[in-house]
Amino acid sequence: MLLLIVLLVVVVLAVVVLGALAYGLVGALGRLTREMAALQRDVAPVAAQLQQSLVAAAASRERTPDA
C-alpha cells in the first residue's frame, strides 16, 4: 500500500514538473514569435532602402561602363 502511494506521488510530481516545463516552453515560443515579428517590422524599411540603393547602383553602372 505504501509503495502505491509513493508511486502515485512520484507520478503526480512528474506530471506537474512536465506541465511547468511545457508551459514555460509555450510561453517562450510565444515571446520568440512576437520578437521575430517586431524584428521583421523594424528591418523591413532598411531592407527596402537597401534594395532601392542596389537597383540605383546597377542602373548607374549600366549607364557609365568602366573603361
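Structure report, in brief. (Residues numbered from 1 in each chain as written. Predicted model: local features only at pLDDT ≥ 70, side-chain atom pairs only at ≥ 80, totals over all residues. Heavy atoms only, no water.)

### Observations concerning the overall build of the protein chain
Alright, step 1. Assigned secondary structure in the protein chain consists of 1 helix and 0 strands.
Alright, step 2. Against the globule reference of 11 Å for 67 residues, the protein chain gives a C-alpha radius of gyration of 28 Å, more extended than a compact globule.
Alright, step 3. On the principal axes, the C-alpha backbone points of the protein chain span a range of 95 × 25 × 10 Å.
Alright, step 4. Out of the 67 residues belonging to the protein chain, those deemed buried represent 0%.
Alright, step 5. Summed over its atoms, the accessible surface of the protein chain is roughly 6200 Å², and 74% of this surface lies on carbon and sulfur atoms. (Helix = DSSP H or I, 4+ residues; strand = E, 2+ residues; numbered from the N terminus. Rg over C-alpha atoms; globule rule 2.2 N^0.38 Å. Buried < 20%, exposed > 50% of the residue type's maximum accessible area, 1.4 Å probe, protein only. Areas by Shrake-Rupley, 256 points an atom, 1.4 Å probe, with all protein chains shown as cover.)

### Focus: helix H1 (residues 2-63)
Alright, step 1. A rise of 1.5 Å per residue sets the reference length of H1, with its 62 residues, at 92 Å; its end C-alpha atoms lie 89 Å apart and thus fit the reference within 8%.
Alright, step 2. In H1, a bend of some 35 degrees at Val-43 exceeds every other bend along the element, and Pro-45, a proline, comes one to four places later.
Alright, step 3. Across the 62 residues that make up H1, only a small minority, 0, are buried. (Expected span 1.5 Å × (residues − 1). Bend = angle between axes of the 7 residues up to and from the residue.)

### Re the environment of Arg-41
Alright, step 1. Its location among the elements puts Arg-41 in helix H1.
Alright, step 2. Owing to a relative accessible area of 58%, Arg-41 belongs among the exposed residues under this scheme.
Alright, step 3. A C-alpha to C-alpha distance of 18 Å links Arg-41 and Leu-29, two positions 12 residues apart in sequence.

### Observations concerning a nonpolar patch on the surface
Alright, step 1. A surface patch of nonpolar side chains, amounting to about 550 Å² of accessible area, comprises Met-1, Leu-4, Ile-5, Val-9 and Leu-13.
Alright, step 2. Mapping Met-1 onto the fold places it in the segment before H1. (Patch = residues over 30% accessible without salt bridge, like charges linked within 9 Å, V, L, I, M, F, W, Y side chains within 5 Å. Salt bridge = Lys/Arg side-chain N within 4 Å of Asp/Glu carboxyl O.)

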